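Chains, contacts and geometry: an overview
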There are 2 protein chains.
Amino acid sequence: MNDVAATGISVLLVDDHPIVRQGYRRVLESQGDLHVVAEADNAADAYGAFKAHDPDVVVLDISMPGASGLEAIRNIRARSPRARILVFTMHNEAVLVKSAFSAGASGFVTKSSEPSAVVNAIRSVARGERAMSDDIAHILAEDSLSPTGSALDQLGEREIEILRQFAGGATTEEIATHLNLSVKTVQNYHYLIKTKTGARTDAQLVRLAATCGLTRI
Amino acid sequence: MNDVAATGISVLLVDDHPIVRQGYRRVLESQGDLHVVAEADNAADAYGAFKAHDPDVVVLDISMPGASGLEAIRNIRARSPRARILVFTMHNEAVLVKSAFSAGASGFVTKSSEPSAVVNAIRSVARGERAMSDDIAHILAEDSLSPTGSALDQLGEREIEILRQFAGGATTEEIATHLNLSVKTVQNYHYLIKTKTGARTDAQLVRLAATCGLTRI
DNA sequence: TTGCAGTTCGGGCAAATTTCCCAAGCCGGA
DNA sequence: TCCGGCTTGGGAAATTTGCCCGAACTGCAA
């Protein structure tokens, strides 16, 4: 690992908006100890940039076109398990946060956070600690009060199948017919899937299914 | 009007993410002729800041909580018809662009644009010209050639806004709070949107919003 | 063999939401 | 001026959700 104390923290910025990257770069560099050594504007380039520059921390927005940011996290971590990745996005859904962490992220900070919170999160992640912004901690705390599991891997075979059809746009009756189940059973699965994944909305369920590759949009 | 040539261009930044504002501020100020004289983090404060500082250009992200950005545009223009407003957002839906211009915006630039395109757009708008980024021009052109409008074209601007938030994972109550509406009204919009678009399921609605670029997954 | 744990399947019932229908206010165009 | 569309919400019946429950079936291990 780099000698962080002596050389400062090197950062790889991944975000699809050029001017946003430029803005972050200036904010981070004004801190003195943070140095943006590379940028990438999509998930596919992120790993190449990571390999080329071996940054201490990857700061990455998961809402990007093309491959999902979650995939980028998995991609980088699979080949460089010591990589520190800080997710930095406007989204604050519990499902997404949990997916990001289980994909291998070290931190999760929303864009609503103060700049100081963001740079502190970068420093924490560089030290190998876990970091998240206050709003994320709150959402996760709220979510953890119900004895749910983590994300999609907690679902059984049937639940996955029903989630797939549901996210594909099928109605409850249609799913019941397809699978020769009673409507009530499908409704119960629907409810179970929501509680297990922590989704509070059907829309969140669809987004989860999409980000996990269960359905294509 | 201010003497732009002699004093430079004063800018009011409106965006709900503190670090994003900070980033823009640094990028713009590095240009020499652009000066950020005020910031606002929501549509409600935008007009107050405008009145207090009388900036040459308002740079505003329309995807904000609270009153929609479109409302902020109308708000400012209604009371100060000479205001120059440049919409600066990640969204690139033709419907949104048209709504923004008819609300009184002078320009529309996406965050995918190069920083140089953004600052040039600010200068154009300050000179009283209309400005838009290349991708927006392309989308508008494409849209005007298609005989069959997108499914979103039949929706009003409120419906679009509610659909965006819904597809983003917000609950009915959250949307009602964000937009200062009764839950009942949001429910009615939800129903109306479904019937207008022909979606029979919330999941289909999310997919529609995603394929139309209203939301990203 | 027994027993435990997990998955699948569905009933029940109160609470919430969806589905329609309706109305009033506002604004822009004919 | 009148018409039509958008926005905002009330009302009431129909449906779904949220959360409880039990039962059958599986595999697995003691």
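Throughout what follows, the structure given in this document is the object of discussion. (Residues numbered from 1 in each chain as written. Chains lettered and ligands numbered in written order. Predicted model: local features only at pLDDT ≥ 70, side-chain atom pairs only at ≥ 80, totals over all residues. Heavy atoms only, no water.)

Digging into the pairing of strand β4 (residues 85-89) of chain B
Here is the key point about a regular strand: its side chains alternate between the two faces of the sheet. All names here are of chain B. The criterion, for reference: To sort residues, take the accessible area from a 1.4 Å probe on protein chains only and compare it with the maximum for the residue type: under 20% means buried, over 50% means exposed, and anything in between is partly exposed. Strands here are runs of E lasting at least two residues and helices are runs of H or I lasting at least four, both read from the DSSP assignment and numbered beginning at the N terminus. Strand pairing is assigned whenever DSSP detects at least two bridges linking the two strands.
A large share of β4 lies buried, amounting to five of its five residues. Alternating residues of β4 divide into Ile-85, Val-87 and Thr-89 and Leu-86 and Phe-88, and every residue in both groups is buried. Judged from the four bridges that link them, β4 and strand β5 (residues 107-110) form a sheet pairing that is parallel. Each residue of the ladder has a partner; that of Thr-89, found in β5, is Thr-110.

Brief notes about the protein's contact with DNA strand C
Rule in force here: The nearness test applies per residue and asks whether one of its heavy atoms lies within 4 Å of the molecule or strand. Here a polar contact is recorded for every N or O atom pair within 3.5 Å, except that within protein the pair must consist of a potential hydrogen donor and a potential acceptor, and residues adjacent in sequence are included only if both atoms are side-chain atoms. In the scheme used here, Gly and all other residues not listed as nonpolar or charged are polar, with Ala, Val, Leu, Ile, Met, Phe, Trp, Tyr, Cys and Pro taken as nonpolar and Asp, Glu, Lys and Arg as charged.
The full set close to DNA strand C counts 16 residues, and Arg-158, Lys-184, Thr-185 and Tyr-189 of chain A together with Tyr-191 of chain B are the nearest of them. For DNA strand C, the fraction of protein-proximal atoms (within 4 Å) that sit in sugar or phosphate groups is 72%. For DNA strand C, a base oxygen lies 2.7 Å from a polar atom in the side chain of Lys-184 of chain A. For DNA strand C, a phosphate oxygen lies 3.5 Å from a polar atom in the side chain of Tyr-189 of chain A. With six residues, helix α10 (residues 183-197) of chain B is the single largest residue contributor to the surface near DNA strand C. Residue composition of the surface near DNA strand C, by class: three nonpolar, seven polar and six charged.

Considering the sheet that holds strand β5 (residues 107-110) of chain A
All names here are of chain A. Keep this limit in mind: Here, residues are in contact when the closest pair of their heavy atoms is within 4.5 Å. Comment: axis = line fitted to C-alpha atoms, over the contacting stretch for helices; angle = value between 0 and 180 degrees taken between N-to-C directions.
Read from one edge of the open sheet, six strands run β2-β1-β3-β4-β5-β6, paired in parallel fashion. With partners counted over all chains shown, the strands left at the sheet margins are β2 (34-40) and β6 (131-132), one partner each. Against the sheet, helix α6 (residues 115-126) engages β1 (9-14), β2, β3 (57-60), β4 (85-89), β5 and β6, with an angle of about 160° to β4.

A look at the side chain of Ser-80 of chain B
Residue and element names in this part refer to chain B. Here Ser-80 is to be found in the loop between α4 (69-79) and β4. Judged by its relative accessible area of 18%, Ser-80 is buried. Sequence-distant contacts of Ser-80, defined by excluding residues within four places in its chain, comprise Tyr-47 and Phe-50.

Regarding the interface of chain A and chain B
Cut-off, in case you're wondering: The term buried area refers to how much accessible surface (probe radius 1.4 Å) is lost by two components on association, counted for both of them together. For this analysis, a salt bridge means a side-chain nitrogen from Lys or Arg found within 4 Å of a carboxyl oxygen belonging to Asp or Glu.
The interface is formed by 42 residues belonging to chain A together with 37 residues belonging to chain B. Three residues stand out in chain A for area buried against chain B, namely Ile-19, Arg-207 and Ile-217 of chain A, and they jointly supply 20% of the buried area on that side. For the interface between chain A and chain B, the tally reads two salt bridges. Between Arg-200 of chain B and Glu-174 of chain A there is a salt bridge, with its nearest N and O atoms 2.6 Å apart. There are nine residue pairs in polar contact (both at pLDDT 80 or more) connecting chain A and chain B. Where the side of chain A that touches chain B is concerned, the elements lending two or more residues are α2 (18-29), α6, α8 (157-167) and α11 (202-211) of chain A. Per-element accounting of the side of chain A that touches chain B gives the leading share, eight residues, to α2 of chain A.

Let's talk about the protein's contact with DNA strand D
DNA strand D sits among 16 residues. The nearest are Tyr-191 of chain A together with Arg-158, Lys-184, Thr-185 and Tyr-189 of chain B. Per the 4 Å cut-off to the protein, sugar and phosphate atoms form 65% of the nearby atoms of DNA strand D. For DNA strand D, a phosphate oxygen lies 3.4 Å from a polar atom in the side chain of Glu-173 of chain A. A distance of 3.2 Å is found between a phosphate oxygen of DNA strand D and a backbone nitrogen or oxygen belonging to Ser-182 of chain B. Counting only elements with at least two residues in the surface near DNA strand D, the list comes to α10 (183-197) of chain A together with α8 (157-167) and α10 of chain B. Looking at which element gives the most residues to the surface near DNA strand D, the answer is α10 of chain A, with six residues. Considered class by class, the residues forming the surface near DNA strand D number three nonpolar, seven polar and six charged.

Considering the nonpolar core
As a reminder, the rule being used: Throughout this description, the term nonpolar core refers to a set of buried Ala, Val, Leu, Ile, Met, Phe, Trp, Tyr and Cys residues connected via side-chain atoms within 4.5 Å.
Ranked by internal contacts, the top residues of the largest apolar core, which has 44 residues, are Ile-122 of chain A together with Ile-122 of chain B. Residues in contact with Ile-122 of chain B, not counting those within four places in the same chain, are Ile-9, Val-11, Leu-28, Leu-34, Val-57, Val-59 and Leu-86 of chain B. Counting 39 residues, the second largest nonpolar core, distinct from the first, contains Leu-163 and Ala-170 of chain A together with Ala-203 and Leu-205 of chain B.

Side note on the pattern of salt bridges
Residue and element names in this part refer to chain A. Scanning all chains against the criterion turns up 21 salt bridges over all chains. Ionic pairing is found between Lys-196 and Glu-159, a salt bridge with its closest N-O pair at 3.1 Å. Remark: Glu-159 occurs in helix α8 and Lys-196 occurs in helix α10; sequence separation between them is 37 residues. Among the ionic contacts, a cluster of salt bridges with common partners joins Asp-15, Asp-61 and Lys-111.

Structural notes on unusual backbone geometry
Residue Asn-180 of chain A is not a glycine yet carries a positive backbone phi of 55°. By the element assignment, Asn-180 of chain A lies in the loop between α9 (172-179) and α10. For Asp-54 of chain B, which is not glycine, the phi torsion reads 45° and is therefore positive. Among the structural elements, Asp-54 of chain B can be located in the loop between α3 (43-53) and β3 (57-60).

Keep in mind these values describe shape, not function.
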